[in-house]
Amino acid sequence: MWKTILRRVLLMIPQIIILSLFVFILAKMMPGDPFTGLINPQTSASQIAQIRQEAGLNDPWPVQYFRWVGNALHGNFGLSYQFHKPVIDLISERAVNTLYLAVFSVILTYLISIPLGIWAGRYQGSLIDNSIQFYNFVSISVPSFVWYLLAIALFGFVWHIFPTSGSVSVQASGFIGVTLSRLYHIILPGVLIALMSTAGNIQYLRSGIIDNQLEDYVRTARSKGVPERVVFNKHILRNSLLPIAAFFGNVITGLLGGSVFAETIFSYPGMGKLFIDSVQARDYSVMTALIVMYGFLTLLGNLLSDIIMSIVDPRIRID
Amino acid sequence: MKKATVAGLVTLGSVLAVTLTACGNSNSNSASSSSSTSATKISFPAKMNNTKSSVSGGNLTYGLVMATSFKGIFNEELSTDTGDSTIMQFGAEPLFKTDKNYKIIDGGAANLKLDQKAKTATITINPKAKWSDGQPVVADDVVYAYKILANKETQSQRYTDSLQNIVGLADYHTGKSDQISGIQTPDGGTGKTVVLHFQVMKPGMAYSGNGYYWEAAAPYHYLKDVPFKDLQSSPKIRKNPVFFGPYKLNKLVSGQSTEWVPNEYYYGAKPKLKSITASVVSPNTAPSAIKSHSYDIIGVNNDQYPNVKNTKGVTFIGNKPLSYSYLAFKVGKWDDKKGENVEDKNAKMNDPKLRQAIAYAMNIDQVDQKFYHDLNFRVNTLIPENFTKYYDKSAKGFPYNLKKAEDILDKAGYKKGKDGYRTTPKGKKLTITIASYATNSAKEAAIKNYIQQWKKIGLDVQLLNGRLTEPNSFYDKLQSDSKDIDMYIAGWSLSSEASPNDLYNPKAPFNYGRMNNPEQTKLLADIDSQKAFNDSYRIQAFKKWQEWMNKEAYVVPMTNQWSVSAVNNRVKDYGVGVTDAGGANIGAWADVSVTSNSLQTK
């Protein structure tokens, strides 16, 4: 198994290279550059040319690409054009915010979706099942940003219960104060993200339970007189959880991805918002670093998912 | 240095805030003059009228409406972000005080005296002026600002051609010299006097925002140990900046919010608030924030004004910014080798008659009323009315007149064909492509309306690709003189020195229409000539240029728009006029106070 993991990791290298090349070229093809609209009429033409020259934007793109790769290999993703800050610092600053929000919402997602999925599967066709199905239907068919906007309007602006922007209050001080303030800021977006992302899990679990109830081994267990509670927990539930476990690796690595919609609407300065802002500002260095990072995380997530599957399901082997 | 304060708060409509980011050279704030030649139906006061007595220890909340985070470079020489300059305004006061005409007067942290014969400016620092860490403001601080600007290592984007008028600054910039020969400190570095030597004196030098010298200082004692190349990322600028204004930065959440407390060493009046909290507010939620009274001061997006205008407990104040939107015609190309615009006499749009007709056919007043709730208003010249001295009140501009437009075209030989469309005087088919970019929801509809008007006079005008262009592509195409564009609608925000030279002279890369007409060049040069030190001569020169521009119609002035803020009624002495706090004037923030401990909701 270790050999396979090593091989998969090595295989990631060419994949990442191709991805970075692709992203780099596409980014350069976008109209405008980081200085479009920034330089003012008091700047002379030669001054503009010089600023572009110094930023290396006049070099042919292969030169720019290899310079970028060379630096990246040394852990230096360059300076953000718009923030004038090392990209690494910028990303790590935002990654912390996103991580808080993501961990909170992922835990909540499982806390909501697993019990609901079990109920719906076990009491198929009942009123509970129908209600849960209806909730699924609503959460998947109405775009999430509608709920985000509604929630921020009600809980933020009408009732003043939760803050409407930011990740922490500027007035907060001390470790406990800051942590509580952070928590206070992620409750509203976190709960909503969780509520909007349960549908998949519930559905997998529900249909898993329904299907497994008809399996031979369940019938065998029942006919042997195994208590119903044991049949359900040991035989049906464990097998039904497999599809959820199959995505777990991606969920872990996806914690850093950030949600573009939620972060934009709640003005929450996380990775998703950083990404969108960088694209709009043509901040090449941040944009490419982020996409390459996302790409790496996705590959890593797939690998992790496979490893997790082989652990929870002894029938699956990696080799 | 004047800050582009309110500009950060509003969506500039059809105006691209190109110069706003470089706030040292720009100022979008201005007194709202009540005497307006364009018939605006809506009018906003420039200042709060709150006569109650202030409470002590008030906390003011300031909402900065912007879609992204602020960048957090709290240094005037390096910052290029409107968000940063808006956030900094509580602490980063300009060096020089100005009157309502933007003229520099005595009474700020430093006084300025120009000597035309000796070609110098003498800066005398107020002996009481101190940095927020208690150190006095000295000559070295003024000099250091120029070094930060001009040293290549700092990568400042604020170094400009105009500044090179200072003797020796270009040599320092290129590294030929490690001192700036034209900046002298006769009383030594810790003295209070700085003398700037210029190559040429310019008439605009008496006004703030002229760009020939810098209007801020940098704390030399505090920053001298930081190498120039590390300055932008230094915590001394990012986290713990030092200012000499009424407030100082106390706490910071990167990119999101800041808390400011009084600067105990401030040389002016004692600040009246206990703290100011300034936070970023997303444009999506800004209207709700106004309606729910979440902020004392917050900008209003003109698109959203009708939704919030009935909010109780709030006063809407506003000014007419130093900006305008315009329709311009492509008549040439930028020549990189010569570094100037080359006009093509045979270009499709190089006929003043055609351009005038197009201008007269635009029903701007109707569009402003219908689509922009009268917050936009038509302007008649390319000099905003806030430049009271130089603005030509009598200019007619291009009031809507379809018949006149048709007459002009008929006389100029643009004959109508069978399909109802006109051909060129040479009988060729005439199709004109217009381009613009999205800034507000009504813009596309407004342009399609103009296209219909042009159709009425027989001109076949097409919107490039049938829709508005993404802003980056739009400017890319303009700069590279794409053949796709015959005319375009864009906008400018101006510096508080009125000279239009930077935008329209033949060597200006921002002269996107690429006009290069010797007559215009001469008129422009006159505005900044030595004779123009005589103000009545300069006023005449401005008038002649405005007349000529309206006659030739290379660039057609279209609209300006109110810049509106929603201010809670408990706020006292805040305003957005040139001499108010929102105009970033000296000491004005120290006067702002609140008259109640909680925000008013009724």
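Residues numbered from 1 in each chain as written. Chains lettered and ligands numbered in written order. Predicted model: local features only at pLDDT ≥ 70, side-chain atom pairs only at ≥ 80, totals over all residues.

This is how the line gets drawn: UniProt positions are given in the numbering used here, feature names are shortened, and annotations may be inferred rather than shown by experiment.
Looking at an unreviewed UniProt entry, chain B carries the name Oligopeptide ABC transporter solute-binding component, with the source organism given as Schleiferilactobacillus perolens DSM 12744. The Sequence similarities (unreviewed entry) comment attached to chain B in UniProt states, word for word, "Belongs to the bacterial solute-binding protein 5 family."

Chain A is annotated in an unreviewed UniProt entry as Oligopeptide ABC superfamily ATP binding cassette transporter, membrane protein from Schleiferilactobacillus perolens DSM 12744. Under the UniProt heading Sequence similarities (unreviewed entry), the entry covering chain A gives this text: "Belongs to the binding-protein-dependent transport system permease family."

**Regarding the overall build of chain A**
For clarity, the threshold we go by: Secondary structure elements follow DSSP: runs of H or I no shorter than four residues count as helices, runs of E no shorter than two count as strands, and numbering proceeds from the N terminus. For every residue, the other C-beta atoms within 10 Å of its own C-beta are counted; 20 or more classify it as buried, 12 or fewer as exposed, and values in between as partly exposed. C-beta atoms are placed from the backbone. Contact between two residues is assigned when their C-beta atoms, built from the backbone, lie within 7 Å.
Of regular secondary structure, chain A possesses 15 helices and 0 strands. If you line up chain A on its principal axes, its C-alpha atoms span 85 × 55 × 40 Å. Per-residue burial over chain A gives 34% buried out of 319 residues. For chain A, the proportion of contacts with a sequence separation of at least 24, taken over those separated by at least 6, is 71%.

**With respect to the domain arrangement of chain A**
Condition: What counts as a domain boundary in this text is fixed by an automatic or database domain assignment.
As assigned here, chain A comprises domain 1 (6–73) and domain 2 (88–280). Using only C-alpha atoms to locate each centre, domain 1 of chain A and domain 2 of chain A end up separated by 36 Å.

**Observations concerning the UniProt feature "domain: ABC transmembrane type-1" (unreviewed entry) in chain A**
Sites flagged by UniProt as "domain: ABC transmembrane type-1" (unreviewed entry) map to residues 95–305 of chain A. The distance separating the terminal C-alpha atoms of residues 95–305 of chain A is 22 Å; by composition the span is 79% helix and 0% strand.

**What to know about the UniProt feature "transmembrane region" (unreviewed entry) in chain A**
Mapped onto this numbering, the UniProt entry annotates "transmembrane region" (unreviewed entry) at residues 9–27, 99–122, 134–162, 182–202, 241–266 and 286–312 of chain A. Across residues 134–162 of chain A, the secondary structure splits into 79% helix and 0% strand, with the terminal C-alpha atoms separated by 28 Å.

**Comments concerning the pairing of strand 7 (residues 193–197) of chain B**
All names here are of chain B. Put simply, the rule reads: Two strands are said to pair when DSSP picks up at least two bridges between them.
Only one face of strand 7 is buried: it carries Val-194 and Leu-196, and the other face, with Thr-193, Val-195 and His-197, is open. Bridging between strand 5 (residues 120–125) and strand 7 involves 5 bridges; their strand directions are antiparallel. Along strand 7, the bridge assignment pairs Thr-120 with His-197.

**Points about the environment of Glu-497 of chain B**
All names here are of chain B. Within the secondary structure, Glu-497 is located in the loop between strand 19 (487–493) and helix 13 (501–504). On the neighbour-count criterion, Glu-497 (27 C-beta atoms within 10 Å) is buried. Along the backbone, Glu-497 and Leu-273 are 224 residues apart, and their C-alpha atoms lie at a distance of 32 Å. Dropping the residues within four chain positions of it, Glu-497 is found in contact with Gly-204, Tyr-207, Gly-209 and Asn-210.

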